[in-house]
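Structural description and commentary
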Amino acid sequence: AATAPRIPSTRLALHHFDTSYSLQLKDLWPSVRIGLLCEQKYGALINNFSSVDDVTQELELLNATDFVSEAPKKAQQGAAVEEVGRAESVSREGSGEGRMVMQGEMVTQAETSPPLCASISSKIKCYTFPRGDITRFRPARPDTLGLLDYYLMDAASLLPVLALNVQPDDFVLDLCAAPGGKTLALLQTGVCGHLAANDVSISRTKRLYQILRSYVPKEIRETVSVTSCDGRDWGQLEGGTFHKVLVDVPCTTDRHSAMEEENNIFHRRRTKERQMLPMLQLQLLMAGILATKPGGEVVYSTCSLSPLQNEYVIERAVEVAETQFNISIHVEDLSHFRTLFQDTFSFFSDCRLGELVLPHLTANFGPMYFCKLRRM
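Residues numbered from 1 in each chain as written. Predicted model: local features only at pLDDT ≥ 70, side-chain atom pairs only at ≥ 80, totals over all residues. Heavy atoms only, no water.

Glancing now at the UniProt feature "binding site: S-adenosyl-L-methionine" (unreviewed entry) in the protein. According to UniProt, the positions carrying the feature "binding site: S-adenosyl-L-methionine" (unreviewed entry) are Cys 176, Ala 177, Ala 178, Pro 179, Gly 180, Gly 181, Lys 182, Asp 199, Asp 230 and Asp 248. Position of Ala 178 relative to the elements: it lies in the loop between β5 (171-174) and α7 (181-188). Those residues within four positions of Ala 178 in sequence are excluded, and the remaining contacts are Asp 199, Arg 204 and Thr 205. Following the sequence through the fold, Lys 182 ends up in helix α7. Overall, the relative accessible area of 11% leaves Lys 182 in the buried class. For Lys 182, the contacting residues outside a window of four places in its chain are Met 153, Ser 157, Pro 160, Val 161, Asp 174, Leu 246, Asp 248, Ser 301 and Met 368. (UniProt positions renumbered as here; feature names shortened; annotations may be inferred. Helix = DSSP H or I, 4+ residues; strand = E, 2+ residues; numbered from the N terminus. Contact = heavy atoms within 4.5 Å. Buried < 20%, exposed > 50% of the residue type's maximum accessible area, 1.4 Å probe, protein only.)

Structural data, given as C-alpha cells:
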C-alpha cells in the first residue's frame, strides 16, 4: 500500500492554530497569524556585568530605547496629564471653595497611591526599536574581559522576570531554566541572594552553562547552582525554601511550531507528548508552588497562545493546591503591566487570568503568557 504523503509539521501546527485560536482570538487571529509567520522582533538585554556605557549610547543613537525604564516615565506622564485634566474639569464645575478642596484631595491621592513602577526592577535594561521599526541588532560583542555586551531575546520573555519582582537576598528558583535568557535576566537584577537554575535536559543545561560563561563573571557564576533534575520532583527535593520561583514550562512554542520543521512538537510522532503537555505543565507548576515558602511568589509562563496551556493550568493548580495540599493560592492582578508596556507590546485584553502578549506586525514579540501566584 502506498504511504500517505508526509504533511509538514508546520502545516499541521497552523491547521491546529487556525481551528482553536480563531475561536479564542476571533477577529484578532488573522493579524496574530501573520505576526507568527513573519520575522520575530528582538530586544537587547544589556549585560550589567560588562562595561555597558558605550553600548547603551550606541543603541540610543540607533533610536532604540530601554523599554523597562521608559514605561514608568510614560505611565507617570500619562497619569499626571489625566490628573490635571480631571482637576481642571472639577474646577470648572465647582464653586471656589469646593474647587480648592477637591484639587487638594486629588494631589494627596496622586501622591499616596502606589506608583505603577513600584513593581519594576530598574536594574534590568532591555533596548527595543520603536513600533514598526524592524531594524536588526548587531551580534553581541565581548568587552575587554571577554564578557558579551548584550543578549538578544524576545523582549516579551522579560515580562515574567519583571513580574517576579525579585527583592534583595531572595532565594530564587528558575525551574525550567534552559536555554538561559530568563536566568541571565534574573542575575541582571543584582539582588538574588541565591539562584538555583534547573532544567531536565542535560544538553540544554550545557547551553545554560555556555550563556553563564559568556555573560557572567566567575564570582557571580559561583553563586548560581545549576542542576539537571526533573522539575516535577523539586517540591519533594527542596520544599518550601524559595521566596520566588519562575516556572517557564515546555509548551507548544507556537512561533517555532508555525515556522520550523526541526524539533517541532506537531510532528506526528510527538502527538502523545503534545497532548500530555497541560498535565506536565500542571505538575511543574505544582512543584514550583511546593518549592515556595508561605508568602512567596510563583510566576508561570509559556510562549503559547493556548488557554489549555495557560489559564486552565493556573485554575487547575489553584484547585489542586487547595484540595490536595491545603495550600491557599492567590492569583495576583498584573493588569498594570498592560498599562505600563502598551507602547512596546500588544496585549490580549480578554485574558481571564494573567496577561498574554500577542504577536503583531508592528510589535512582533511573543506570544508570551505569564501569571503570578502568591502562596498564602
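Right, let's talk about the nonpolar core for a bit. In this structure, Phe 67, Leu 159, Leu 162, Phe 337, Phe 341 and Phe 345 are the most contacted members of the largest nonpolar core, which totals 47 residues. Looking at this core, the element that brings in the most residues is helix α6 (residues 158-164), giving six residues. Within the second largest apolar cluster, 45 residues are counted, among which are Trp 234, Val 249, Ala 287 and Leu 305. (Core = buried A, V, L, I, M, F, W, Y, C linked by side-chain atoms within 4.5 Å.)

One pass over the full model with this rule turns up 19 salt bridges. Put simply, Glu 222 and Lys 218 hold a salt bridge, and the shortest N to O gap is 2.7 Å. Summarising the burial analysis for this pair, Glu 222 and Lys 218 share the class exposed. Residues Arg 270 and Glu 273 are paired through a salt bridge, measuring 2.8 Å at the closest nitrogen-oxygen approach. (Salt bridge = Lys/Arg side-chain N within 4 Å of Asp/Glu carboxyl O.)

This structure, assessed with the given rule, holds 15 aromatic pairs. Aromatic side chains Phe 67 and Phe 345 sit 5.2 Å apart centroid to centroid with 90 degrees between the ring planes, which places their arrangement in the edge-to-face category. Here Phe 345 lies in the loop between α15 (335-340) and β11 (346-347) and Phe 67 lies in helix α4 (residues 67-93), a separation of 278 residues in the sequence. Residue Phe 67 shares its accessibility class with Phe 345, and that shared class is buried. Seen in terms of ring centroids, Tyr 300 and Tyr 369 are 6.4 Å apart; in terms of plane orientation they differ by 70 degrees. Their pairing is edge-to-face. Of this pair, Tyr 300 sits in strand β9 (residues 292-302) while Tyr 369 is found in strand β13 (residues 368-375), placing the two residues 69 residues apart along the sequence. (Phe/Tyr/Trp six-rings, centres within 6.5 Å; stacked < 30°, edge-to-face > 60°.)

What follows deals with the side chain of Thr 128. Within the secondary structure, Thr 128 is located in strand β3 (residues 126-128). On the basis of relative accessibility, which here comes to 3%, the residue Thr 128 falls in the buried class. Residue contacts for Thr 128: discarding those within four places in its chain leaves Tyr 42, Gly 43, Ala 64, Thr 65, Phe 67, Phe 137, Ala 155, Thr 344 and Phe 365.

Okay, the packing of helix α13 (residues 277-291) against helix α14 (residues 311-325) next. At a closest axis distance of 10 Å, the pairing of α13 and α14 adopts a crossing angle of 55 degrees. Relative to α14, α13 is oriented oblique. For the crossing formed where α13 meets α14, the hand is right-handed. For the pair α13 and α14, the contacting residues are Pro 278, Gln 281, Leu 282, Leu 285, Met 286, Ile 289 and Leu 290 in the first and Val 313, Ile 314, Arg 316, Ala 317, Val 320, Ala 321 and Phe 325 in the second. (Axes fitted to C-alpha atoms, helices over the stretch in contact; angles between N-to-C directions. Parallel < 35°, antiparallel > 145°, perpendicular 65-115°, else oblique. Left-handed = near helix turned anticlockwise from the far one by under 90°.)

The element strand β8 (residues 242-248) is extensively covered by neighbouring structure, given that six of its seven residues are classed as buried. Judged from the three bridges that link them, β5 and β8 form a sheet pairing that is parallel. Bridging from a neighbouring strand, Asp 174 pairs with Leu 246 of β8. Across six bridges, β8 lies against β9 in parallel orientation. By the bridge assignment, Asp 248 is partnered in β9 with Ser 301. (Pairing = 2+ DSSP bridges.)

What follows concerns helix α3 (residues 53-61). Of all the residues in α3, the buried ones are Val 55, Thr 56 and Leu 59. Down the axis of α3, the buried side of the element spans an arc of 100 degrees, and every buried residue falls inside it. Turned more than 90 degrees away from the buried face of α3, the exposed residues are Asp 53, Asp 54 and Leu 61. Lining the buried residues of α3 we find β1 (43-46), β3 and β4 (150-153). (Arc of directions from axis to C-beta.)

One can describe the packing of helix α1 (residues 9-25) onto helix α2 (residues 29-37) by two numbers: an axis separation of 9 Å at closest approach and a directional angle of 140 degrees. Seen along the crossing, α1 lies across α2 with a hand that is right-handed. Contacts from Leu 14, Phe 17, Asp 18, Tyr 21, Ser 22 and Leu 25 of α1 reach α2 at Trp 29, Val 32, Arg 33, Leu 36 and Leu 37. The residue inventory of the contact of α1 with α2, partitioned by class, reads eight nonpolar, one polar and two charged. (Nonpolar A, V, L, I, M, F, W, Y, C, P; charged D, E, K, R; others polar.)

Strand order in the open sheet formed by four strands is β2-β3-β1-β4, with antiparallel pairing between adjacent strands. The strands lining the two open edges of the sheet, one partner per strand, are β2 (65-66) and β4. Sheet topology places β1 next to β3; two bridges connect them, and they run antiparallel. Within β3, the residue paired with Ala 44 across the bridge is Tyr 127. The sheet contacts of α7 involve β1 and β4, and relative to β1 the element is tilted by about 45 degrees.

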